[in-house]
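Coordinates in review
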Number of protein chains: 2
Amino acid sequence: MSRERLNVQAPVHELIAARWSPRAFDARPVETEKLASCLEAARWAPSCYNDQPWRFLVADRHQEGEAWQRLFDCLSPGNQTWARRAPVLILACAATRFGHNGQPNRWAQYDTGQAMMSLVLQAIALGLAAHQMGGFDAGRVRQAFAIPDEYDLMSVAALGYPGDPAVLDEETRQRELASHQRKPLEEIAFAGRRGLGFMVPDSLGWKAKVGQSACPGTIRISIRTWLKPWSGLGSRAGGCSTWAPAPAPRRCPWPGGAFRWWPPMSLRPRWIGPGGWRSGKGWR
Amino acid sequence: MSRERLNVQAPVHELIAARWSPRAFDARPVETEKLASCLEAARWAPSCYNDQPWRFLVADRHQEGEAWQRLFDCLSPGNQTWARRAPVLILACAATRFGHNGQPNRWAQYDTGQAMMSLVLQAIALGLAAHQMGGFDAGRVRQAFAIPDEYDLMSVAALGYPGDPAVLDEETRQRELASHQRKPLEEIAFAGRRGLGFMVPDSLGWKAKVGQSACPGTIRISIRTWLKPWSGLGSRAGGCSTWAPAPAPRRCPWPGGAFRWWPPMSLRPRWIGPGGWRSGKGWR
Ligand SMILES: Cc1cc2nc3c(=O)[nH]c(=O)nc-3n(C[C@H](O)[C@H](O)[C@H](O)COP(=O)(O)O)c2cc1C
Ligand SMILES: Cc1cc2nc3c(=O)[nH]c(=O)nc-3n(C[C@H](O)[C@H](O)[C@H](O)COP(=O)(O)O)c2cc1C
């Protein structure tokens, strides 16, 4: 039942490590200032020709209750079961033609994805979380909000403060607490040519500590690694702070329980308990 | 000549504020461990059905010189003028069919954009910077690297340590130092319905300080704002740390010179000099 991020292969910034898509949201409204910051983060994303093809329709239940309901009604029944608790729904659209010449923009969706990722990470930075959905009736949304054909409707994000998984029905809670899965790095990144998986370099040693996290329901893992000398640069220390969901309280009470986790650049599991620093050496 | 981020409308996380697309890169190679972290950040991006449609071909000049050259040769001449200094080129592709059922994935490009944004922000966190390019011969890249048709070729990112703009030719340097432009928030975000621009809330007051930044050529701006009470939550203090490029040394020596900057949630310019905290009130 415990939610674990099992296969981190290299250190990542805590904002990126802390991001995930929750289904349980708190009833608490989202402050309009925080919403503004999320949208502002999207605004500064990069885009081809700086076209900024992203458009966001923000439906805040506590501000535009009617719009929120209209957007919610277009979600798939499966998404409605949990998204009904989200105080904010944000529709992301992509302008499929360049503003400067009206020609098709083949990066419109790609760039809108970049802007949405910015928005989501800013949400994490503010203690919020977002869960994007592709499961909605795009035709119905287009009609409900009179969105012209030149905009592609990409996703609806549920945004709010993460809530207690206890509010979820049994099946959804199981999914909420399942471990996070990803393809191994070697299957998505290639060194110079396709088929040649990008391998993370060996490390000389590591030091890890479990601590408290600002994000409810999670713990923070601080890691320092000593990396192999490479291309004459000598051995360097790499710092990293990452995150894992706190073990489910019933199964493995916190603090006190150990949890399983792969330190960066390792394919072998390590048990790191709460408390002081643990260290290791040459884990490959 | 000074590079200024003029129209920040709401506070954003410094990782997001610090991101931009430089043209001047340092000759210094990128450590493979840092490259691994950037790819790892991409790996943890969200995607529809967790399909993870992104694929990255990494061409590190110091590791796969031949592949780097092959990819570089496919860039547009305009991009070649500056990208030739980038130690790493990364090609981002999108798998256009779902892995689980072979059906078309209409979120493939969007999700690849999210992964690339993760990669770029992780690069920023490590003191690196990335500049994406759509200006490349996609057909030629496909052939040069034998990439199957079911992958869309989205962008080539130049990655490396930011360098001194002095290495650029005059025209490129002008672009490098130009201010960053974005559409106003009201044109990309709508409150409940299209046409109704999302407005950032009024603020009660602010306090700002200019400090040193870890990123070369930039300064850090710390801001605290006191926000209007809203929906019964009472007045709260919102913190933020953002970033601006350091004024060009010749025109406005640093430290000592003041620079123009809009504090968050303001449309009016403010001058904030180096040193202690400055404060203001009700700037709308
Ligand atoms: C474009 C997009 C569409 C998605 N659609 C849905 C959806 O309809 N319902 C749902 O529960 N999750 C949806 N997700 C969430 C993904 O399943 C989730 O991002 C993925 O499983 C990875 O998990 P994580 O975000 O918690 O890391 C979607 C995500 C994206 C990016
Ligand atoms: C998909 C994509 C393609 C781009 N293509 C190019 C390009 O071919 N040449 C270039 O100099 N910049 C290119 N850019 C960079 C944009 O011009 C830049 O992101 C935009 O002007 C915003 O500036 P900033 O990233 O510094 O904030 C591209 C960016 C993206 C996201």
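Residues numbered from 1 in each chain as written. Chains lettered and ligands numbered in written order. Predicted model: local features only at pLDDT ≥ 70, side-chain atom pairs only at ≥ 80, totals over all residues. Heavy atoms only, no water.

**Things to note about helix 7 (residues 170-177) of chain A**
Residue and element names in this part refer to chain A. Under the convention used in this document: When accessible area is computed with a 1.4 Å probe and restricted to protein chains, residues below 20% of their type maximum are described as buried, those above 50% as exposed, and intermediate ones as partly exposed. Strands are runs of DSSP state E lasting at least two residues, helices are runs of H or I lasting at least four, and both sets are numbered from the N terminus onward. Taking the helix axis as origin, the arc is that swept by the directions to the C-beta atoms. For the purposes of these results, a polar contact is taken to be a pair of N or O atoms within 3.5 Å, where, inside protein, one atom must be able to donate a hydrogen and its partner to accept one; residues adjacent in sequence count only when each atom of the pair is a side-chain atom.
Every buried residue of helix 7 is listed here: Thr172, Arg173, Glu176 and Leu177. On an axial view of helix 7, the arc spanned by its buried residues comes to 130 degrees, and they lie on one face. The residue sitting at the N-terminus of helix 7 and contributing the capping side-chain oxygen is aspartate 169; that oxygen lies 3.2 Å from the backbone nitrogen of glutamate 171.

**Side note on the pattern of salt bridges**
Residue and element names in this part refer to chain A. The line we're drawing: A side-chain nitrogen of Lys or Arg and a carboxyl oxygen of Asp or Glu constitute a salt bridge if their distance falls within 4 Å.
Applying the stated rule across the entire model yields twelve salt bridges over all chains. Across the pair arginine 70 and glutamate 66 runs a salt bridge, and its minimum N-O distance is 3.0 Å. Of the two residues, arginine 70 and glutamate 66 are both situated in helix 3 (residues 65-72); the distance of four residues between them amounts to about one turn of the helix. With a relative accessible area of 26%, arginine 70 lands in the partly exposed category.

**Focus on the environment of A:His100**
Here A:His100 shows up in the loop between strand 2 (88-95) and helix 5 (108-125). Separated by 49 residues in sequence, A:His100 and A:Asp51 have C-alpha atoms that sit 7.8 Å apart.

**Topic: the nonpolar core**
As a reminder, the rule being used: We call a set of buried Ala, Val, Leu, Ile, Met, Phe, Trp, Tyr and Cys residues a nonpolar core when their side-chain atoms join them within 4.5 Å.
The biggest cluster of nonpolar side chains holds 54 residues, and the ones touching the most others in it are A:Phe198, B:Leu35, B:Leu39, B:Phe56, B:Ile90, B:Met116 and B:Leu119. Tallying contributions element by element places helix 5 (residues 108-125) of chain B first for this core, with nine residues. Counting residues in each nonpolar core, the second largest holds 36 residues, with A:Leu35, A:Ala45, A:Val58 and A:Ala94 among its members.

**Concerning the confidence of the model for chain A**
Residue and element names in this part refer to chain A. To keep it simple, the criterion reads: Scored from 0 to 100, pLDDT records how confident the predictor is in each individual residue. The contact criterion used throughout is that any non-hydrogen atoms of two residues lie within 4.5 Å.
Overall, the prediction assigns chain A a mean pLDDT of 76, with 67% of residues at 70 or greater. By mean pLDDT, strand 9 (residues 259-261) is the weakest element of chain A at 33, and strand 4 (residues 151-160) is the strongest at 98. Every residue in residues 1-6 scores below 50 in pLDDT, and together they form 31 contacts with partners more than four places removed in sequence or on other chains. The model gives residues 226-273 a pLDDT under 50, and that stretch makes 156 contacts with residues more than four places away or in other chains.

**Considerations on the site of ligand 1**
Cut-off, in case you're wondering: The nearness test applies per residue and asks whether one of its heavy atoms lies within 4 Å of the molecule or strand. We get accessible surface area from the Shrake-Rupley algorithm with a probe of 1.4 Å; when it comes to residues, only the shown protein chains can shield them.
Taken together, 21 residues form the shell around ligand 1, and within it A:Ser21, A:Asn79, A:His131, A:Gly134 and A:Arg182 come nearest. More than one chain approaches ligand 1, the contributing ones being chains A and B. A:Gln132 is positioned with one of its backbone polar atoms (N or O) 3.0 Å from a nitrogen atom of ligand 1. Contact with the protein chains covers 87% of the free accessible surface of ligand 1, which is 620 Å².

**Side note on the site of ligand 2**
Heads up, the condition is: The residue classification treats Ala, Val, Leu, Ile, Met, Phe, Trp, Tyr, Cys and Pro as nonpolar and Asp, Glu, Lys and Arg as charged. All others, Gly included, are polar.
Among the 21 residues in the neighbourhood of ligand 2, the closest are listed as B:Ser21, B:Asn79, B:His131, B:Gly134 and B:Arg182. Each of chains A and B places residues next to ligand 2. One of the side-chain nitrogen or oxygen atoms of B:Asn79 is found 2.7 Å away from a nitrogen atom of ligand 2. In the complex, the protein chains occlude 88% of the 620 Å² of accessible area that ligand 2 would expose alone. Elements supplying a minimum of two residues to the shell around ligand 2: helix 5 of chain A together with helix 4 (77-83) and strand 3 (129-133) of chain B. Tallied by class, the residues present in the shell around ligand 2 amount to seven nonpolar, ten polar and four charged.

**Remarks on the sheet that holds strand 1 (residues 54-60) of chain A**
We count it as follows: Two strands qualify as a pair provided that DSSP identifies no fewer than 2 bridges between them. A fitted line through C-alpha atoms serves as each axis, taken over the contacting stretch for helices, and the angle formed by two N-to-C directions is quoted from 0 to 180°.
With respect to topology, five strands assemble into an open sheet ordered 3(A)-4(A)-2(A)-1(A)-5(B), the strand pairing being mixed. The sheet is open, and its two borders are formed by strand 3 (129-133) of chain A together with strand 5 (189-191) of chain B, each paired with just one other strand. With strand direction ignored, the average angle separating the axes of adjacent strands in the sheet is 25 degrees. With five bridges connecting them, strand 3 of chain A and strand 4 of chain A associate as antiparallel partners.

**Considerations on the packing of helix 5 of chain A against helix 5 of chain B**
The condition that has to hold: Reported orientations rely on four angle classes, namely roughly parallel under 35 degrees, roughly antiparallel over 145, roughly perpendicular from 65 to 115, and oblique for the rest. In a left-handed crossing the near helix is turned counterclockwise from the far helix by less than a right angle, and in a right-handed crossing that turn is clockwise.
Packing of helix 5 of chain A against helix 5 of chain B leaves a shortest axis separation of 6 Å and a crossing angle of 50 degrees. The pairing of helix 5 of chain A with helix 5 of chain B is recorded here as oblique in orientation. Judged by the sense of rotation from one axis to the other, the crossing of helix 5 of chain A with helix 5 of chain B is right-handed. Between helix 5 of chain A and helix 5 of chain B, the contacting residues are A:Gln109, A:Tyr110, A:Thr112, A:Gly113, A:Gln114, A:Met116, A:Met117, A:Ser118 and A:Leu121 on the first element and B:Gln109, B:Tyr110, B:Thr112, B:Gly113, B:Gln114, B:Met116, B:Met117, B:Ser118 and B:Leu121 on the second. Residue classes in the contact of helix 5 of chain A with helix 5 of chain B are distributed as eight nonpolar, ten polar and no charged.

**Digging into the interface of chain B and chain A**
The criterion, for reference: For any pair of parts, buried area is found by adding up, for both, the accessible area (1.4 Å probe) each one loses once the two are put together.
Taken residue by residue, the interface counts 85 residues in chain B and 86 residues in chain A. Around 7,700 Å² of area is buried between chain B and chain A when both sides are counted, 60% of it from carbon and sulfur atoms. Linking chain B with chain A are zero salt bridges, by the criterion used here. Between the two partners, chain B and chain A, sit 36 residue pairs in polar contact (both at pLDDT 80 or more). Mapped onto the side of chain B that touches chain A, the elements with two or more residues apiece are helix 1 (14-18), helix 2 (32-43), strand 1 (54-60), helix 5, strand 4 (151-160), helix 8 (185-188) and strand 5 of chain B. Looking at the side of chain B that touches chain A, the element that brings in the most residues is helix 5 of chain B, giving eleven residues.

**Here's the deal with the pairing of strand 3 of chain A**
When you tally the buried positions in strand 3 of chain A, you get five out of five residues, the bulk of the element. Here strand 3 of chain A shows no split at all, with A:Ala129, A:His131 and A:Met133 on one side and A:Ala130 and A:Gln132 on the other all buried.

**Notes on the packing of aromatic side chains**
Residue and element names in this part refer to chain B. The criterion, for reference: Here a Phe, Tyr or Trp ring, Trp counted by its six-membered ring, pairs with any other such ring whose centre lies within 6.5 Å, and the pair is stacked when the planes are under 30 degrees apart, edge-to-face when over 60, and tilted otherwise.
Inspection of the entire model under this criterion finds four aromatic pairs over all chains. Between the aromatic rings of tyrosine 49 and phenylalanine 98, the centroid separation amounts to 5.3 Å while the plane-to-plane angle is 90 degrees, which identifies the pairing as edge-to-face. Here the residue tyrosine 49 occupies a position in the loop between helix 2 and strand 1, and phenylalanine 98 occupies one in the loop between strand 2 (88-95) and helix 5, the gap between them amounting to 49 residues. Classification of phenylalanine 98 by relative accessible area gives buried; the value is 7%. Where tryptophan 68 meets phenylalanine 72, the ring centres are 5.0 Å apart and the plane angle is 10 degrees; that geometry is what we call stacked.

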